[in-house]
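# Observations on the model geometry
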Amino acid sequence: MKSLTIDLPPELLELLGSEEEAKREATLALVFDLVRRGRLSRSKAADLLGISLLDLPSVLAQYRIPWFDYSPEDLQHDLQTLRTQDSSRA
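So, here's what we can say about the structure.

Rules behind the numbers
- Residues numbered from 1 in each chain as written.
- Predicted model: local features only at pLDDT ≥ 70, side-chain atom pairs only at ≥ 80, totals over all residues.
- Heavy atoms only, no water.
- Helix = DSSP H or I, 4+ residues; strand = E, 2+ residues; numbered from the N terminus.
- Buried < 20%, exposed > 50% of the residue type's maximum accessible area, 1.4 Å probe, protein only.
- Axes fitted to C-alpha atoms, helices over the stretch in contact; angles between N-to-C directions.
- Parallel < 35°, antiparallel > 145°, perpendicular 65-115°, else oblique.
- Contact = heavy atoms within 4.5 Å.
- Nonpolar A, V, L, I, M, F, W, Y, C, P; charged D, E, K, R; others polar.
- Phe/Tyr/Trp six-rings, centres within 6.5 Å; stacked < 30°, edge-to-face > 60°.
- Salt bridge = Lys/Arg side-chain N within 4 Å of Asp/Glu carboxyl O.

### Describing the environment of R42
- By secondary structure assignment, the location of R42 is in helix α3 (residues 42-49).
- A relative accessible area of 2% means that R42 is categorised as buried.
- Separated by 15 residues in the primary sequence, R42 and P57 place their C-alpha atoms 9.1 Å from one another.

Have a look at this one:
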């Protein structure tokens, strides 16, 4: 994994509570912005965030990102991901 340094005003760091929380929030914001703009599929977002695609809708809802507002290609990719995850649990 590559690393990136971002300078934050002290007020933001204080608001977020810790550097670890700032890192987590920045990662979520970047991933979800790419999803919102159609540059990243939902299944890839779940993968990058280390969560199940089945858990992603509730996380997206917290950020007011609709689950079903994406392309047919993304739908097919996500359905395949869900099938793969389901078969690996059996």
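After that view of the structure, there is still more to cover.
### Re the packing of helix α2 (residues 19-36) against α3
- The geometry of α2 relative to α3 is characterised by a closest axis approach of 10 Å and an angle of 170 degrees between their N-to-C directions. With respect to each other, α2 and α3 are oriented roughly antiparallel. Contacts between α2 and α3 involve T27, L28, V31, F32 and V35 from the former and R42, A45 and L49 from the latter.
- Of the residues belonging to the contact of α2 with α3, the class tally is six nonpolar, one polar and one charged.

### Focus on the packing of aromatic side chains
- Summed over the entire model, instances satisfying the criterion amount to one aromatic pair.
- With a centroid separation of 5.0 Å and an interplanar angle of 55 degrees, the aromatic rings of F32 and Y63 are classed as tilted. Placement of the pair is F32 in helix α2 and Y63 in the loop between α4 (56-62) and α5 (72-89), with a sequence separation of 31 residues.
- On the accessibility criterion, F32 (1% relative accessible area) is buried.

### Remarks on the pattern of salt bridges
- Enumeration according to the criterion identifies five salt bridges in this entry.
- Linking R24 and E21 is a salt bridge whose minimum nitrogen-to-oxygen distance equals 3.1 Å. Of the two residues, R24 and E21 both sit in helix α2, three residues apart, roughly one turn of that helix.
- You can call R24 partly exposed: its relative accessible area is 42%.
- Judged by its relative accessible area of 25%, E21 is partly exposed.
- Ionic pairing is found between D33 and R37, a salt bridge with its closest N-O pair at 2.9 Å.
- With relative accessibility at 26%, the residue D33 sits in the partly exposed group.

Nothing here speaks to function; it is geometry throughout.
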